[in-house]
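Chain and residue survey
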Amino acid sequence: MNLLEGRKYNIITFGCQMNEHDSETISGMLQEKGCREVLTKEESDITVINTCSIRENADKRFFGTLGQLKKIKEKNPQYIACVCGCMMQQQHIIDTVKKKYPWVDIIFGTHNIDRFPQLLEKVACEKQKIFEIMEDRQDIVENLPAKRLFRHKAFVNIMYGCNNFCTYCIVPYTRGREKNRHPEDILDEVRGLVGDGVNEVTLLGQNVNSYRGRGKKAEDTDTVCDFADLIYMLNDVEGLERIRFMTSHPKDLSDKLIQAYVDCDKLCNYIHLPVQSGSDSILQAMNRKYSREHYLELVRKLTEAVPGITVSTDIIVGFPGETEADFEETLSLVKQVKYDSAFTFLYSIRKGTPAAEYDDQIPESIKHERFNRLVDAVNEASAHNNAAYVGRIEKVLVDGRSKRKDNTLTGRTEGFKLVDFPGDDSLIGQIVNIEITEGKTFSLFGKVVQRHAAF
Ligand code: SAH
Ligand code: SF4
Ligand code: F3S
């Protein structure tokens, strides 16, 4: 008998696309067991919280949500509370969960997601708690199911883990060392997705530029497929319209990849290229392994080779030892690059990382003051860039109804700009030509010029 058949589940996801994609897998596995997704944790018999540990506020939000599960558990004796994700790869977090949140039934980590259905069955059957974490693993589990958030677009992992150890970052500790999927497995997955109605894939990895896939067959194991090779390969997949990727580390961005933008029509003219800081001494203290000059040279090459490419970034403010002069270098870089958008973060101490031990931490008040100045500079650049879109016709992949405005659809241009426009639901999942009528700081507004784009 399948004990899980018919049970209702709800997944709460914190963090990046990796986590969102892991949640899609968890959802897929639960559906295979006959479970049914519901919209709120209050309605569910199984809640899964997929956690993120990138900054302190992510940790805090998790503990807040976890506290709310106690009441649900008291009302429903069948209820199973599960927690997983990056926070669970840290012993001090597990200790806190065990001590302060005794209503948690299952803990698993980032390396053993595939085990979740077995753990759940065991808990449902034996009514005991299971905490199972793997430190890291060598192999990659293929062919797990996934219930995608969108019908028409999908995330595809090309690699797992990170070897870079930026001194502020927890990810290498929570996701383990780099592991590359075989190119054939990636290709098979993408073909399968296209067959299932997907027209855009986003290739995921913490540093996709260091992807080194090897062939599966004995005679191919010495053949290395690098990231650019992979793009060329996927560009030939019939029926696929768009290829994106996240995230590209500046230290490994090759000229070959820049050429791939020129040669591969499906590779979107967009790059997310996290700079983190504009100051050489801070970049060095962060262990980023590139200089301001090298970064600017990359942006120059990209914009020269790929006219109209949009560029976004991540920036950390208030890294230990950051002086006013260092910060001004970041500001000047932002003004020079004129990013289309930027995710800006206050440096957050992460236990177990080298920078957490640095004694020249920056006071919160200074961090905030710099943060506000940075946000102003970023917004000024994106508003300026977006204003220039008025009158242009952009190809927009329609994602769904907009939450910002009634009777409006929302989608993304090739350059990843958010566009809202009036239209009916039949356009969802299609690529349509939109004339931009308004350029705001964070999004564009437009109107449909033609029902279907010509490819
Ligand atoms: N692998 C990606 C980044 C993943 S984390 C890359 O290297 O680009 C996403 C972003 O979170 C990082 O780019 C960084 O800007 C931010 N971040 C990571 N650790 C942080 C910390 N301790 N405090 C503040 N921001 C942090
Ligand atoms: Fe973190 Fe650096 Fe790895 Fe990105 S490359 S996940 S910032 S350690
Ligand atoms: Fe967070 Fe883990 Fe992603 S720490 S940002 S969910 S890799």
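Below or above, wherever it landed, is the structure these notes cover. The structure displayed is predicted, hence computed values, not measured ones.

The rules behind these values
Residues numbered from 1 in each chain as written. Chains lettered and ligands numbered in written order. Predicted model: local features only at pLDDT ≥ 70, side-chain atom pairs only at ≥ 80, totals over all residues. Heavy atoms only, no water. Buried < 20%, exposed > 50% of the residue type's maximum accessible area, 1.4 Å probe, protein only. Helix = DSSP H or I, 4+ residues; strand = E, 2+ residues; numbered from the N terminus. Arc of directions from axis to C-beta. Contact = heavy atoms within 4.5 Å. Near = heavy atom within 4 Å. Nonpolar A, V, L, I, M, F, W, Y, C, P; charged D, E, K, R; others polar. Domains from an automatic or database assignment. Phe/Tyr/Trp six-rings, centres within 6.5 Å; stacked < 30°, edge-to-face > 60°. Pairing = 2+ DSSP bridges. Right-handed = clockwise from strand over helix to strand, strands pointing away.

**Points about helix 4 (residues 116-126)**
If you check which residues of helix 4 are buried, you get F116, P117, L119, L120, V123 and A124. Buried residues in helix 4, looked at end-on, bunch into an arc of 160°, giving them a common side. Where the residues of helix 4 are buried, they touch helix 1 (17-32), strand 3 (46-51), strand 4 (80-85), strand 5 (106-108) and strand 6 (130-132). Immediately downstream of helix 4, the backbone of K127 shows phi near 50°, a positive value.

**Section: the site of ligand 3**
Inspection of the region around ligand 3 gives C16, N19, C52, S53, I54, C86, V171, R175 and Q206 as its neighbouring residues. Its residues assigned to classes, the shell around ligand 3 comprises 5 nonpolar, 3 polar and 1 charged. Of the domains in this structure, domain 1 (8-132) and domain 2 (150-266) are the two that each give at least three residues to the shell around ligand 3.

**Concerning the packing of aromatic side chains**
Scanning the model with the defined rule gives 12 aromatic pairs in all. Judged by centre distance (6.4 Å) and plane angle (85°), the rings of Y168 and F319 are edge-to-face. With a gap of 151 residues between them, Y168 in the loop between strand 8 (159-160) and helix 5 (171-175) and F319 in the loop between strand 15 (310-317) and helix 11 (324-337) connect regions that are remote in the sequence. Of the two residues, Y168 and F319, neither departs from the other in class, the shared state being buried. Taken together, a centroid distance of 5.0 Å and an interplanar angle of 85° make the contact between F227 and F245 edge-to-face. Taken together, the residues F227 in helix 7 (residues 227-235) and F245 in strand 13 (residues 242-246) connect sequence positions 18 residues apart. With relative accessibility at 6%, the residue F245 sits in the buried group.

**Some thoughts on the site of ligand 2**
As a matter of local geometry, ligand 2 sits amid C162, N164, F165, C166, Y168, C169, V171, P172, Q206, H249 and R288. Looking at the shell around ligand 2 residue by residue, the classes come out as 7 nonpolar, 3 polar and 1 charged.

**Details of the pairing of strand 4**
The buried count for strand 4 comes to 6 of 6 residues, which makes it a mostly enclosed element. With burial as the criterion, each face of strand 4 is covered, one bearing I80, C82 and C84 and the other bearing A81, V83 and G85. By the bridge criterion, 6 bridges tie strand 3 to strand 4 in an arrangement that is parallel. From the neighbouring strand, I46 faces strand 4, where its bridge partner is I80. What joins strand 3 to strand 4 is helix 2 (residues 56-75), and the crossover it makes is right-handed. Sheet topology note: the strand 4/strand 5 ladder contains 2 bridges and is parallel. Paired with C82 across the strands is I106, a residue of strand 5. With helix 3 (residues 91-100) bridging strand 4 and the parallel strand 5, this β-α-β connection has right-handed handedness.

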